[in-house]
Structure formats: structure tokens, C-alpha cells
Amino acid sequence: MKYNLTHLKELESEAIYVIREVVAQFENPALLFSGGKDSILCYHLAKKAFHPGKIPFPLVHVDTGHNFPETIQFRDQLVEKDGVELIVGSVQQSIDEGKAIEETGFNASRNGLQTVTLLETIESNKFDACMGGARRDEEKARAKERFFSHRDEFGQWDPKNQRPELWNIFNGMKHMGENFRVFPISNWTEMDVWQYILAENIELPSIYFSHERDVFMRDGVIYADGEYMNKRPEEKVEKRVVRFRTIGDMSCTGAVESPADNLEKIIEEVAATRTTERGTRADDKRSEAAMEDRKKQGYF
């Protein structure tokens, strides 16, 4: 399958410009890295932005402790291969120190607890800008974000008080204790991401490709079985051929049945689907404004 990739070069150029602006305007930036495709894409773009030198900022991973094993393995291999600095914020440590309260029950998730750990990691490392792979097409709250998204001294976001970005002129002015979240691939779609990954031959965790896995059904969503999953008595584990379109905490990330075991098949599948990639994320369905509420509190 052949594609007209001209628009991808424009998106690439825009993202690289944003990343370079971050380094130019801020003293201590970082790149949030989950091991998901969007953060891997941002890392790839950052490498391009500063080639042949190394990226001038660390990777930051907020570890829920309930991650997919494939994601952590990929993260560690990438860091070792490229020799980049990795800073890990631990949700488990936040729980142990009494700064976050573990949810209980069958629908318990650590995804929301990431906010506490993220804000603490930003504060302890004095990061004044954190880049990440959020995109406007993912979710309606993320569609409200600017490229440079201001956060107050408490790490909170005010969607009604954002700065204009006419002609991509970014305003990184801030007071002591404030910081920014920056979204270099804001204008990319899921299809753009997959086409670019194919064109650039970017390596991804195996979890994105079709594979046989132990899973169970809950409320119409396919979840991977694992030691962190608290199943109801009627929820039976079975083997299915699945893949994941998005990767988060195991407890809130659903899979899709799919035969797409390579990038070309994934692109064909994305082109045909009418379901958003976050349609299997239980954390987005807790309320009508679940994502926006979390973002206001400091979530990415």
C-alpha cells in the first residue's frame, strides 16, 4: 500500500520546531515517556531535532506498578541502547508514603493516582516544562489544549485561561513554581502516527501487534489477565487473538480482537474503524468530563 506522505513531513517539521522551542525557552525540560506509541514517536522526533547530538533532556516515566510487562521491557531496552537518562516516578512509593490512596474493588485502577506522582516528580526535579504525546483527536478535553499549556504553581490547568498561539508563536513566560505541559504532536491523528511509524520504521512494543493472550470480558471490554487484575467470579479467562490500540495502566486499558500483526494491517484497520483509540479506556468513562477533571488536577 502506498501513501502520499507530504503532510507527514509538515507535521514532523512542526513537532521538531515545538521541541526546539521548548529547549530554547525553558531551563529544565523533560519528555514524559510511557512506552506507548505516541511517546515513542515524540522521542524519535526529539532525536531528529538534535541529531547528531543526544537529546538535551531526560525521559520521565510515571510507573503505576501495574504496567504491561512488554512496555517496561521496551522502555528499559530503549534507554540502555540509546544511553539516555531515565527518571522514574513510582505510584507505589506515593501509596506507601500515604500521598495517594489505593482504590479498592473490582474496578480499582491506579491510573488516576499518576497525578500525585507526576506532580511530585516535577516538583522534586524542578522541571519547568514536560513534553508528551497527547493529541487533540484523542479526547475532547485534549482538543482544548494549546501546544504550550500553562500550569499554575499547584500543577493545575485552567482551560478558560490559555494563551493565544497565533502563527505558532509560543509564550513560555512563567512565575516561580509554575510549569508547562507541551504537546509537540497535538495536530497529529492516530492515522498520521501509524503512517509515520511505518515510513520511519520506528520500533514499537509487541503489545501493539496481534498476539494470543489470556483475557477476560468486563462490561463489553476485553481486558488482559494478570496478577494486578481483580476479577469477579463470573469473569472467565480465555485465550483470544488481540492487540492494543492504546497503552495505559493494565486495569483500565482494553484490547481489541484483531488479525493486524504488522504495520500495514494496522493502518488498514485504523482506516476502517469507527471507534476512537481511547474507546477501550475505562478511566475515560468514569464521568462525562473524566479526562478534563483529571487534567485540571494536574494529569497530563
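From a predicted model like this one, the values you see are computed outputs, not experimental measurements.

Rules of the game
Residues numbered from 1 in each chain as written. Predicted model: local features only at pLDDT ≥ 70, side-chain atom pairs only at ≥ 80, totals over all residues. Heavy atoms only, no water. Helix = DSSP H or I, 4+ residues; strand = E, 2+ residues; numbered from the N terminus. Contact = heavy atoms within 4.5 Å. Phe/Tyr/Trp six-rings, centres within 6.5 Å; stacked < 30°, edge-to-face > 60°. Buried < 20%, exposed > 50% of the residue type's maximum accessible area, 1.4 Å probe, protein only. Lys NZ or Arg CZ within 6 Å of the ring centre and 35° of its normal. 1 Å grid on protein atoms, 1.4 Å probe; cavity = no way out; pocket = protein on both sides within 12 Å on 5 of 7 lines; lining within 4 Å. Points joined across faces, edges and corners; volume = space filled by probe spheres on them. Nonpolar A, V, L, I, M, F, W, Y, C, P; charged D, E, K, R; others polar. Pairing = 2+ DSSP bridges. Right-handed = clockwise from strand over helix to strand, strands pointing away. Polar contact = N/O pair within 3.5 Å; in protein donor to acceptor, adjacent residues only side chain to side chain. Axes fitted to C-alpha atoms, helices over the stretch in contact; angles between N-to-C directions. Parallel < 35°, antiparallel > 145°, perpendicular 65-115°, else oblique. Left-handed = near helix turned anticlockwise from the far one by under 90°. Domains from an automatic or database assignment. Buried area = accessible area lost by both parts, 1.4 Å probe. Salt bridge = Lys/Arg side-chain N within 4 Å of Asp/Glu carboxyl O.

Asks: What should I look at first to understand the side chain of N179 in this one?
Replies: Among the structural elements, N179 can be located in strand 6 (residues 179-182). Once residues lying within four places of it in the same chain are set aside, the contact partners of N179 are I122, F127, D128, S149, H150, R151, D152 and K174.

Asks: Hey, could you run me through the packing of aromatic side chains in this one?
Replies: Each pair of aromatic rings is reported with the distance of its centres and the angle of its planes. Under the definition given, this model contains twelve aromatic pairs. Taken together, a centroid distance of 5.4 Å and an interplanar angle of 50° make the contact between F26 and F180 tilted. You can see F26 sitting in the loop between helix 1 (6-25) and strand 1 (29-32) and its partner F180 sitting in strand 6, a full 154 residues away along the chain. Residue F26 is classed as buried on the basis of its relative accessible area of 5%. Look at F180 and you get buried, because its relative accessible area is 0%. An aromatic cluster of at least three residues, connected via ring pairs, comprises Y17, F26, F147, F148, F170 and F180. The residue whose ring lies beneath R136 is F147, and the NZ or CZ to ring-centre distance is 5.1 Å. If you follow K231 out to its NZ or CZ, it ends over the ring of F216, 5.9 Å from the centre.

Asks: I'm lost on empty space enclosed by the protein in this one. Help?
Replies: The rolling of a water-molecule-sized probe over the atoms marks out the regions of remaining empty space. Overall, the coordinates contain two cavities of 30 Å³ or more when judged by the stated rule. Here the second largest cavity defines a volume of roughly 30 Å³. Lining the second largest cavity we find A134, R135, R136, R142, E145, F183 and S186. Of the residues contributing to the lining of the second largest cavity, the split by class is two nonpolar, one polar and four charged.

Asks: Explanation requested: the pairing of strand 2 (residues 59-63) in the structure shown.
Replies: In the case of a regular strand, side chains alternate between the two sheet surfaces. Where burial is concerned, most of strand 2 is hidden: five out of the five residues are buried. What you see with strand 2 is no split at all: L59, H61 and D63 on one side and V60 and V62 on the other are buried throughout. The pairing of strand 1 with strand 2 spans two bridges and is parallel. Note that in strand 2 the partner of L31 across the bridge is L59. In this view, the connection linking strand 1 to its parallel neighbour strand 2 by way of helix 2 (residues 37-50) has right-handed handedness. Handedness of the strand 2-helix 3 (residues 69-82)-strand 3 (residues 86-90) crossover: right-handed.

Asks: Before we go on, may I ask you to explain the environment of E70 in this structure?
Replies: Looking at the element boundaries, E70 is found in helix 3. Setting aside residues up to four positions removed in sequence, E70 forms contacts with P205, S206, I207 and R213. There is a polar contact of 2.9 Å between the side chain of E70 and the side chain of R213.

Asks: Would you explain the packing of helix 2 against helix 6 (residues 190-200) in this entry?
Replies: Between two packed helices, what matters for the description is the angle formed by their axes and the separation of those axes. Orientation of helix 2 relative to helix 6, taken along the N-to-C sense of each, is 55°, at an axis distance of 11 Å. By the angle between their directions, the pair helix 2 and helix 6 is classed as oblique. In this structure, the crossing between helix 2 and helix 6 has a hand that is left-handed. Mapping the contact onto sequence places K37, D38, L41, H44, L45 and K48 in helix 2 and E190, V193, W194, Y196, I197 and E200 in helix 6.

Asks: Sorry, what's going on with the layout of surface pockets here?
Replies: Counted as a void, the largest pocket has a volume near 300 Å³. With three residues, helix 5 (residues 114-125) is the single largest residue contributor to the lining of the largest pocket. Residue classes in the lining of the largest pocket are distributed as five nonpolar, four polar and seven charged.

Asks: Hey, could you run me through the domain arrangement of the protein chain in this one?
Replies: Think of interface size as the accessible area that goes away when the parts come together; that is how it is often given. Here the domain parsing of the protein chain yields domain 1 (7-192 + 288-297) and domain 2 (205-281). Distance between the C-alpha centres of domain 1 and domain 2: 24 Å. The partner domain 2 presents 26 residues to the 28 residues of domain 1 that form the contact. For the domain 1 and domain 2 pair, buried surface summed over both sides reaches about 2,300 Å², with 54% attributable to carbon and sulfur atoms. Counting across the domain 1 and domain 2 interface gives two salt bridges. Between E190 and R245 there is a salt bridge; the shortest N-O distance is 2.7 Å. Our count for the contact surface shared by domain 1 and domain 2 stands at eight residue pairs in polar contact (both at pLDDT 80 or more). Secondary structure elements with two or more residues in the side of domain 1 that touches domain 2: helix 2, helix 3, helix 6 and helix 8 (290-297). No other element matches helix 3, which puts four residues into the side of domain 1 that touches domain 2. The residue makeup of the side of domain 1 that touches domain 2, split by class, is eight nonpolar, eleven polar and nine charged.

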